[in-house]
Amino acid sequence: MPDFGNVQIPVGPQHPALKEPESFLITLRGEKITAASVRMGYNHRGVEKGAEGRTYTQDIYLVERICGICSHSHGTAFIQAVEEIAGLDVPRRAKYIRMLVGELERVHSHLLWLGVAGHEIGFDTLLMYSWRDREVVMDLLAAVSGNRVHYSMNTVGGVRRDVDSALAETILKGVDRLEEQTKYYIQVCSEETTVIKRLSGVGVVTHEDALRLLVVGPTARASGVARDIRKDDPYLAYDELDFKIVTSDHCDVYGRTLVRLGELMESYSMIRQIVKNMPDGPITVKAPRKIPAGEALSRYEAPRGEDVHYVKANGTEKPERVKVRAPTLANLQAVSHMLRDNNLADMPIVIAAIDPCFSCTDRAVEIDRADSGPRDRMDWGRLRAHGIDFYRSRGVDFTELNRSLTRRMKKL
Amino acid sequence: MTPEEKFRDDLSGRFPELADKIVLQRARRIWVDVPAGRFREVFDFCVESLGVTILLILTGLDEAESGTFGVLYHMARPDGVVVNLRVHLPKDKPVLRSVTDRFPSAEAYERELVDLLGIVVTGLPEGPRYPLPDGWPEGQYPLRKDWKPADAAPAPEEGKSHA
């Protein structure tokens, strides 16, 4: 067999595994990756510059849109910094509701990741199962906030919606069901030989390298780095909850899978504690429109790892500077390291295993109709019928076309 | 003595001129103004002797009123204490030495300073720019306060229509 030496291939920026643009330049020797470099920035949207030109209230909605999955993480990290500068004493009930949405969001994110990981290794049954279950938590988030994504729960000084006892019951029921399913996934991932063999030894980051490269979140915890901002630098009311940091010593994609599954179980327990111990009282305090001059640094344990927001206020209603570091920026730089000495075919799962943040703009299942009273919910069948009627009333009617097509099909 | 007070005493013990430059904002939040000339010494001391082993992010600021750029090194200890080291650079000669020798992950954060504010960072490894696109016009730094998005509106290429 002739030696072709090193071969360089570009992968991306329209990446086959990642639903987000990112460009990798891979150097191969045979099937083995000998070097990899990342070109980032394809999704740079100027959010930080945009934030300087908007009011604090507008910025809540802007920073939420940094990510389609951990929108509450970015929103809360930002608002915490603003509230610290303004010296606002956020009511405890608001903090609990923020934690509730934060943990539901983590469940949503980890279940989504589990499905993607299954898909990347050709285990699409896992994708179908975990994304089916993810609907349960999406429905809960929609019930709490009104939205499946971009929950918009935060406002300066508190939250915008309360959680009543009926909703709390619904949440607990949903969590019970999710916990049952997650136990099954833990069993699958710890007993199914193909999963263990496919993920073990892939995308290795040793404990020492994890500390040196400063990876964050489940990626760090799967290399035995017991760091979690909820414990290390507690925010909201996380110091009132009983939970443990899930770690693993596998240092590979398999470890990252076990950590996320373990964190799902911790989140269910935390959601129960939040619902059970939810304090009474107001959900918001009055906040000034203009924020006094000052600066603050806010950290938040997002599903993918530590989210850092820095806000500088100048006494006006718009911030002087907003700086954001999403966890993927900290982890993506370690991907080149993880890819080295792996097979080219491992690339999708290695990249997916840091759970890079790709915008998840999901379909809507609930529509509030302005013309038929509040909270008239349409299911998919009614939504479809409504669409057909809408166009028919405007002279667009495909009935005849459909009939003639059906007739032609029958003749064939 | 709180961990924050101990940090302040340790740092000002080694660098007495910093004594009045250390602000303990609240539990786990420390801000230090460091003279640009001594920055690397202070930075190294924090990492090696005071356990500040995590680099979170760098923030670049256009301090229009004082005619300087501010750079904040947001760093943390594993126990949750955040140390924010701040340096000011003159706008006519904004030069910074890279800290990628100590924190490889600083590369992207330093490139942001280069692309978005026009700060010169020496000692950065070879690599593609970040985060602006390759064809971005020279001398356009979006995070400078006097920059407006219209400044960089690219003229439509001949023969190509974006409509």
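Residues numbered from 1 in each chain as written. Chains lettered and ligands numbered in written order. Predicted model: local features only at pLDDT ≥ 70, side-chain atom pairs only at ≥ 80, totals over all residues. Heavy atoms only, no water.

Novice: What exactly am I supposed to notice about unusual backbone geometry here?
Specialist: Most peptide bonds adopt trans geometry, and most residues besides glycine take a negative phi value. The peptide bond linking tyrosine 130 of chain B to proline 131 of chain B adopts the cis configuration, its omega dihedral lying at 0°. Here histidine 150 of chain A, not a glycine, exhibits a phi torsion of approximately 50°, which is positive. In this structure, aspartate 341 of chain A is a non-glycine residue whose phi angle is positive, near 70°. Along the chain, the position of aspartate 341 of chain A falls in the loop between helix H12 (327-339) and helix H13 (347-353). On the accessibility criterion, aspartate 341 of chain A (58% relative accessible area) is exposed. (Helix = DSSP H or I, 4+ residues; strand = E, 2+ residues; numbered from the N terminus. Buried < 20%, exposed > 50% of the residue type's maximum accessible area, 1.4 Å probe, protein only.)

Novice: Help me understand the layout of surface pockets, please; the structure alone is not making it clear to me.
Specialist: Over the atoms, a rolled probe matching the size of one water molecule traces out where space is still vacant. The volume enclosed by the largest pocket comes to roughly 1,000 Å³. For the largest pocket, the lining is made up of 42 residues, of which Asn43, His44, Arg45 and Gly46 of chain A together with Tyr130 of chain B are closest to its centre. Elements with a contribution of two residues or more to the lining of the largest pocket: helix H1 (47-52), strand E8 (319-325) and H12 of chain A together with helix H3 (106-117) of chain B. Looking at which element gives the most residues to the lining of the largest pocket, the answer is H1 of chain A, with 4 residues. When grouped by side-chain class, the residues that make up the lining of the largest pocket number 25 nonpolar, 9 polar and 8 charged. When we break the lining of the largest pocket down by domain, the ones giving at least three residues each are domain 1 (6-39) and domain 2 (47-353) of chain A. (1 Å grid on protein atoms, 1.4 Å probe; cavity = no way out; pocket = protein on both sides within 12 Å on 5 of 7 lines; lining within 4 Å. Points joined across faces, edges and corners; volume = space filled by probe spheres on them. Nonpolar A, V, L, I, M, F, W, Y, C, P; charged D, E, K, R; others polar. Domains from an automatic or database assignment.)

Novice: Sorry if this is basic, but what is going on with the interface of chain A and chain B here?
Specialist: Many authors give the size of an interface as the accessible area that is lost as the parts come together. Taken together, the contacts link 32 residues of chain A with 44 residues of chain B. Of the roughly 3,200 Å² buried where chain A meets chain B, counting both sides, 52% is carbon and sulfur surface. The largest share of the area that chain A buries against chain B comes from Arg39, Lys49 and Leu297 of chain A, three residues that together contribute 20% of it. At the boundary of chain A and chain B, one finds 8 salt bridges. Its salt-bridge partner being arginine 29 of chain B, residue aspartate 233 of chain A comes within 2.9 Å of it at the nearest N-O pair. Viewed at the interface, chain B and chain A are joined by 19 residue pairs in polar contact (both at pLDDT 80 or more). No other element matches the 5 residues that strand E6 (residues 294-302) of chain A contributes to the side of chain A that touches chain B. Taken together, the residues of the side of chain A that touches chain B break down into 11 nonpolar, 4 polar and 17 charged. (Contact = heavy atoms within 4.5 Å. Buried area = accessible area lost by both parts, 1.4 Å probe. Salt bridge = Lys/Arg side-chain N within 4 Å of Asp/Glu carboxyl O. Polar contact = N/O pair within 3.5 Å; in protein donor to acceptor, adjacent residues only side chain to side chain.)

Novice: What am I meant to see in empty space enclosed by the protein here?
Specialist: Throughout the structure, instances matching the rule amount to 4 cavities of 30 Å³ or more. By volume, the largest cavity is sized at about 150 Å³. Around the largest cavity, the lining comprises 18 residues; the ones closest to its centre are Val215, Val216, Arg227, Ile229 and Glu306 of chain A. For the lining of the largest cavity, the secondary-structure elements that each account for two or more residues are helix H9 (217-221), helix H10 (229-232) and E6 of chain A together with strand E3 (54-63) of chain B. Of all the elements, E3 of chain B adds the most residues to the lining of the largest cavity, at 3 residues. Within the lining of the largest cavity, the residues separate by chemical class into 8 nonpolar, 1 polar and 9 charged.

Novice: Would you explain the side chain of glutamate 103 of chain A in this entry?
Specialist: Residue and element names in this part refer to chain A. Its place among the elements puts glutamate 103 in helix H4 (residues 92-120). A distance of 2.8 Å separates a polar atom in the side chain of glutamate 103 from a polar atom in the side chain of serine 267. Beyond its immediate sequence surroundings of up to four residues, glutamate 103 is in contact with Arg230, Tyr238, Ser267, Met270, Ile271 and Ile274.

Novice: Would you mind showing me how to read the sheet that holds E8 of chain A here?
Specialist: Within a sheet, neighbouring strands are paired by backbone hydrogen bonds and run either parallel or antiparallel to one another. Residue and element names in this part refer to chain A. Spatial strand order, E6-E7-E8: 3 strands in an open sheet with antiparallel pairing. Among the strands making up the open sheet, the edge pair consists of E6 and E8. On average, adjacent strands in this sheet sit at an angle of 15° to one another, irrespective of strand direction. (Pairing = 2+ DSSP bridges. Axes fitted to C-alpha atoms, helices over the stretch in contact; angles between N-to-C directions.)

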